[in-house]
Amino acid sequence: MAASRSPLSRLFTVLLAGLLAGLALAVAALPGNLLLGFAARSAIGTYAALPDALRTPATPQRSYLYANDGKTLITTFYDVNRTDVPLADIAPVMRQAIVAAEDRRFYSHGGADLRGLARALVSNVKGGGTEQGGSTLTMQYVRNVLKTDPTRTAEERAAATDPTIPRKIQEIRYAGALEQSLGKDEILNRYLNIAYFGSNAYGIAAASQRYFGKPPAQLTLAESALLAGLVQSPDAYSPIDGNKDDALARRSYVLDSMAETGAITAGQAAQAKAEPLTLHPTAQPNGCTAVAQGHDDWGYFCDYLRRWWVAQPAFGATVPEREQALRSGGYTVVTSLDPQIQATAQQQATKVYGYDNKRALPIAAVQPGTGQVLAMAVNRHYSLADNPGGQANYPNTVNPLISGGASVDGYQAGSTFKLFTMLAALESGRTLSTGFDAPAKLPTRYAAEGPGSCDGTWCPANANPDWMDGYRMMWDGFGRSVNTYFVWLAEQVGQDKVVEMAQRLGITFRADADAAFAKDDAANWGSFTLGVAATTPLDLANAYATVAAEGTYCTPVPVVSVTAANGDKVPVGQPACKRVLDADVARAATDAARCPVGQQSPYGQCNGGTATGVNDILDGRPVAGKTGSSEQNSTETFVGFTPQVAVAGIAANPDDPTDSVGSAVQAKVIDAVARVIATAVKGQPEKAFVAPSRELAGEPRRPVERVPVPDRRPTREDDPRSLLQRWLDRRG
C-alpha cells in the first residue's frame, strides 16, 4: 500500500537527495571499514554533548501493582503502555527480525547508513511505489526519544519529526555520537523498548503482551516477524485494529528479509509463512477501575494506595507530579494486600449483605506491628458504572467506604470506643479491678432534656439491665459492655483524656462536628465512650492493632516495597511505628478484651461476653475483641484481634445514617469478622497474649467501698442544653 506524501515531504526529499546524491556515488565505492569511519566522523558530535534524554532515557513506562506475594497482578497505571526489558529477555529471533525489517546493515554502519539513505531519497523522488525510509535503527531511536521526551516542551517534541534538512542532519549527528559510545546491543535494546507497535503498545514487552499474551522471551519466529513488520506503519498493519492481510504480507516480507540476511533458512521462512495468524489479544489494565477481571473489590484497596501515593514526597514535589510518576515512572509496587484474606473478607461482606443492598459491611484487616493493610472489602463493585433506579452508592461506587476520606466521614462504632476509656483509665493508674456498682441508668453532670434525661441530666442506660447491672470491674464491664460502668469510668478519668487516647491510636475525626467537639469541648463530650463519633473500619482495626502490638502504633501503609524502573528501591512504605502506650497498659486492655469473645483472662475474671462464638470459630486460639451497637442499632460493629492481625467490620447504611441496620445483624457481623481472622492466622504459629502485671490487674473481687452516684443537678455553668444534643445538632 503506497503511502501518500505531502508537498513539503517531497520538497524535502528532493533537496536532501541533491545534497547527498554526489556523496552517495562516492561512498558506494568505499570499503566497509572506511565507510564506517567516515560515518562516525561525519556525526560531528560527542556523547557528552547529547541531550540528557538520549544519554539517560526518560521515556514513560507503566507502573505495576502486585499483591503481597509479588506475583498476583492487581492493576497497572500508565499514560503510555510501555515497560523496559533487558535484551536477554527478548527472544533472539525478535532481535533478528527487527534488524532484518528495519536496518539490515545495523551491525556494520556507524549510525547513519549513507548508502541506504541516498538510495531511499532517490527512490522517493522518483515515486511510483511505497515511500522508503533510509533511517537506521539508531536514527529511529533518536527520533523516538526526542518526540516522547517528557522533559521537553510540546513544541520541541513536535520538532523531532519535522521534515527539514537541519533536523535530519541533527538526527544523523546524534546517531553517530551514540554509536561511538554505546554498543550495538545496547542501542538495539533501547530501540526495541521504545518503538511503537500499534494498538497502544509501546516497546516490545507491551507489544508481546498486547498481541500474544506472553513475555517477549517466548516469542516464536512467526510472531517476531509479525511484530517487526508492524513498526513501519503500526496503525495500518496492526492485526487487532487494522488490516490482518496487510499484517501477514508484512510478516512474509520480514521472513524473506531474514532469510536473505542469513538469520534463518529459506525453509524456516516458508514454514513460518504457512503458520496461521493466531492472536491472544491482552488488554493491559489501567487504573483502579480496571483491576483484574472478577476482582473489582480490589479497587478499594487500589484507590487507597493511590491516595497514599500522592501524599509521598518521594514521588514528586506536588500532587500532579506524584500522579504523573505513578502513570509514567515504571515502578514495581508490591502492595500489602493479601489475596486470601481479601477473598475471605469479600465473601463474608457479601454474605451479610448482597451487592444490591443499600446497607453495607465494610471490612478492613491490618497487621499489628507494621500497619500493613491486608484487606479492604465491602459489598459494592468498585466501578464508575451507573446505578439503577437512582441508587446513590450501590451496587457501584468508587467512594472510600472502608478507609474514609472525600465525602465519607465514617460510621458510629458504638461500644468499641470503650477501649479508649479503659486505656485512659489504666494509664492514669487505675487497675483492671477498679469496681463500680453499675446501675441501670446513670445520671451524669451533662444537662439534657427529653426521654434520655433523668431530672434534667443526660442519663445513659444499660441495654440489658438484668445481665449488665451490678458490681463490675473492667473485665466484666468490658465483656458485658456495661454502658453505665464506662460512662462513670470516663467521668473519673476525664473525657478529654479519653478523646486524646482515641486520637493517639489513630482515630481521625472526619466529620466537622466531631472534629469541633474534640478540639473545643473534649472535656464535656460525655457520650464519646459510647462511640457516637464517626470512624471507619480501617481506623478502628488499626487502633486495636496498636493494642495487639502491645502499645506500638504504626501508620497504616498499603505497600511492602516500591522499586523504581532502574531497579533501585524507593525509601517509602517501611513501617512507621512508635510507642504510644506502655506495654503493660496494652496487655491489661487485651486481658479485658478476652472477655467479650468467650475466652478467659489469666486472672479468671471474665464472666460473660457479647461475642462468645468467636472463641469457637478460632478453635480456642488466643483472640480478643469488642462489639459495638450504636443508638437504635443504627450500626453494628465488631473488632477482633490476635497478635498477628486486627480486623474490623461495621454494618451501616453509607447513604442514610437514620436507616438502622438492626440488632439482628450483629451476630452476622461478628461471624464475618471472626472468619476473616481465621483465614489470616491459618498456618501461622499460635501466639499467646502476654498477661498484664499484678500491679495493673489489682486485687480482683476485693471488697471495695461502693462509689455512690453523684446526686447532682446542672448549674448555671452548665450549658442549658444537653451536650449530647449539642453534638447531635452539630452533626445536623
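Considering the overall build of the protein
When helices and strands are counted, the protein shows 29 helices and 19 strands. When contacts within the protein are restricted to residue pairs at least 6 apart in sequence, long-range pairs at least 24 apart make up 72% of them.

Re the pattern of salt bridges
If you walk through the whole model with that rule in mind, you get 22 salt bridges. With a shortest N-O distance of 3.0 Å, Arg307 and Asp303 are connected by a salt bridge. Here Arg307 and its partner Asp303 are both found in helix 15 (residues 298-309), four residues apart, which amounts to about one turn of the helix. Judged by relative accessible area, which is 28%, Arg307 ranks as partly exposed. One connected set of salt bridges, linked through shared partners, spans Arg143, Arg167, Lys168 and Glu171.

Focus: the packing of helix 11 (residues 221-230) against helix 13 (residues 244-261)
Two quantities define a packed helix pair, namely the angle between the helix axes and the distance between the axes. Relative to each other, helix 11 and helix 13 sit at 110 degrees, their axes nearing to 8 Å. With respect to each other, helix 11 and helix 13 are oriented roughly perpendicular. Across the interface between the two elements, Leu221, Ala222, Ala225, Leu226, Ala228 and Gly229 of helix 11 pack against Ala247, Arg250, Arg251, Val254, Leu255 and Met258 of helix 13. Across the contact of helix 11 with helix 13, the residue classes tally to nine nonpolar, one polar and two charged.

Some points on the sheet that holds strand 19 (residues 646-651)
A sheet is described by the order of its strands in space; here five strands give the open sequence 5-4-19-18-17, paired in antiparallel fashion. Because the sheet does not close on itself, it has two edges, and the strands there are strand 5 (373-377) and strand 17 (624-629). Within this sheet the neighbouring strands show an average axis-to-axis angle of 5 degrees, counted without direction. The sheet contact formed by strand 18 (residues 636-641) and strand 19 spans six bridges and is antiparallel. Bridging across to strand 19, Glu636 finds its partner in Ala651. Relative to the sheet, helix 24 (residues 537-548) contacts strand 4 (363-366), strand 5, strand 17, strand 18 and strand 19, its axis offset from that of strand 19 by approximately 150 degrees.

Describing the pairing of strand 2 (residues 73-77)
In terms of burial, strand 2 is a largely internal element, four of the five residues being buried. Between strand 1 (residues 63-66) and strand 2, which pair antiparallel in sequence order, lie six residues; one of them, Gly70, sits at a positive phi of approximately 75 degrees.

Observations concerning the sheet that holds strand 3 (residues 332-335)
In spatial order, the strands read 2-1-3-15; together these four strands make up an open sheet with mixed pairing. A strand with exactly one partner marks an edge of an open sheet, and here the two such strands are strand 2 and strand 15 (559-563). Across the sheet, the axes of successive neighbouring strands diverge by a mean angle of 15 degrees, strand direction being ignored. Judged from the three bridges that link them, strand 1 and strand 3 form a sheet pairing that is parallel. Bridged to Leu65 within strand 3 is Val333.

Quick word on the state of the cysteines
Working definition: the covalent bond between the sulfur atoms of two cysteines is a disulfide. All chains considered together, the criterion is met by four disulfides. Through a disulfide, Cys454 is tied to Cys459; the S-S separation comes to 2.0 Å. Its S-S torsion of about -75 degrees marks the bond between Cys454 and Cys459 as left-handed, since a negative value means left-handed. Here Cys459 falls in the buried class, since its relative accessible area comes to 6%. Between the sulfur atoms of Cys554 and its disulfide partner Cys577 the distance amounts to 2.1 Å. The sign of the 110 degrees torsion about the S-S bond sets the Cys554-Cys577 disulfide as right-handed. Separated by 23 residues along the polypeptide, Cys554 in strand 14 (residues 552-554) and Cys577 in strand 16 (residues 577-579) bring together distant segments of the chain. By sequence-ordered numbering of the bonded cysteines, the protein has its disulfides arranged as 1-2, 3-4, 5-6, 7-8.

A closer look at the pairing of strand 18
By the criterion of burial, strand 18 is predominantly enclosed, with six of the six residues buried. Side chains of strand 18 alternate between two faces, with Glu636, Phe638 and Gly640 and Thr637, Val639 and Phe641 buried alike. Pairing of strand 17 with strand 18, which is carried by six bridges, proceeds in the antiparallel orientation. Residue Gly625 lies in a different strand from strand 18, and its bridge partner there is Gly640. Once strand 17 ends, the chain turns through six residues before running back antiparallel as strand 18, passing Gln632 with a positive phi of about 60 degrees. Connecting strand 18 to the antiparallel partner strand 19 that follows it, the hairpin turn spans four residues.

Observations regarding helix 11
Burial runs high along helix 11: ten of the ten residues are buried. Among all positions of helix 11, only Leu221, Ala222, Glu223, Ser224, Ala225, Leu226, Leu227, Ala228, Gly229 and Leu230 are buried. Buried residues along helix 11 sit against helix 4 (92-102), helix 10 (204-212), helix 12 (234-237), helix 13 and helix 14 (266-274).

Some words on the side chain of Thr563
Here Thr563 is to be found in strand 15. Residue Thr563 is classed as buried on the basis of its relative accessible area, which comes to 15%. In this structure the side chain of Thr563 is engaged in a polar contact, spanning 3.2 Å, whose partner is the side chain of Lys569. Among all residues touching Thr563, those that are not within four sequence positions of it are Gly330, Tyr331, Thr332, Asp568 and Lys569.

Here we look at the environment of Thr679
Here Thr679 is to be found in helix 27 (residues 666-681). For Thr679 and Gln342, which are 337 residues apart along the polypeptide, the C-alpha to C-alpha distance reads 9.5 Å.

Topic: the environment of Leu361
Along the chain, the position of Leu361 falls in the loop between helix 17 (339-352) and strand 4. On the basis of relative accessibility, which here comes to 0%, the residue Leu361 falls in the buried class. Ignoring sequence-local partners within four residues, the contact set of Leu361 consists of Gln348, Ala349, Val352, Tyr353, Ala377, Val378, Asn379, Gly649, Ile650, Ala651, Val669 and Ala672.

A few points about the environment of Asp386
The topology assignment puts Asp386 in the loop between strand 6 (381-382) and strand 7 (396-397). The sequence separation of Asp386 and Thr397 amounts to eleven residues, and the corresponding C-alpha distance is 8.8 Å.

Regarding the side chain of Asp659
Note on placement: Asp659 falls in the loop between strand 19 and helix 27. Within the local environment of Asp659, its side chain forms a polar contact with the side chain of Arg359, the two groups lying 2.8 Å apart. If sequence neighbours within four positions are ignored, Asp659 has contacts with Lys358, Arg359, Ser634 and Asn653.

Brief notes about unusual backbone geometry
Backbone geometry follows two general trends: most residues other than glycine have a negative phi, and most peptide bonds adopt the trans configuration. Of note, the bond from Tyr394 into Pro395 is cis; its omega dihedral lies within 30 degrees of zero at 5 degrees. As for its placement among the helices and strands, Pro395 is situated in the loop between strand 6 and strand 7. For Ser199, which is not a glycine, the phi torsion comes out positive at approximately 50 degrees. Position of Ser199 among the secondary structure elements: in the loop between helix 9 (184-194) and helix 10. For Ser199, a relative accessible area of 8% corresponds to the buried category. Backbone geometry at Glu550 places phi at a positive 55 degrees, although glycine is not the residue there. Relative to the helices and strands, Glu550 is located in the loop between helix 24 and strand 14.

Considering the packing of helix 18 (residues 418-427) against helix 25 (residues 583-593)
Where helix 18 contacts helix 25, the two axes come as close as 10 Å, and the packing angle between them is 135 degrees. One element, helix 18, and the other, helix 25, form an angle in the oblique class. Our pair here, helix 18 against helix 25, has a crossing hand that is right-handed. In contact with Leu419, Met422, Leu423, Leu426 and Glu427 of helix 18, helix 25 contributes Val585, Ala588, Ala589 and Ala592.

Parameters and conventions
- Residues numbered from 1 in each chain as written.
- Predicted model: local features only at pLDDT ≥ 70, side-chain atom pairs only at ≥ 80, totals over all residues.
- Heavy atoms only, no water.
- Helix = DSSP H or I, 4+ residues; strand = E, 2+ residues; numbered from the N terminus.
- Contact = heavy atoms within 4.5 Å.
- Salt bridge = Lys/Arg side-chain N within 4 Å of Asp/Glu carboxyl O.
- Buried < 20%, exposed > 50% of the residue type's maximum accessible area, 1.4 Å probe, protein only.
- Axes fitted to C-alpha atoms, helices over the stretch in contact; angles between N-to-C directions.
- Parallel < 35°, antiparallel > 145°, perpendicular 65-115°, else oblique.
- Nonpolar A, V, L, I, M, F, W, Y, C, P; charged D, E, K, R; others polar.
- Pairing = 2+ DSSP bridges.
- Disulfide = S-S within 2.5 Å.
- Polar contact = N/O pair within 3.5 Å; in protein donor to acceptor, adjacent residues only side chain to side chain.
- Left-handed = near helix turned anticlockwise from the far one by under 90°.

Function-wise, these values are silent; they only describe arrangement.
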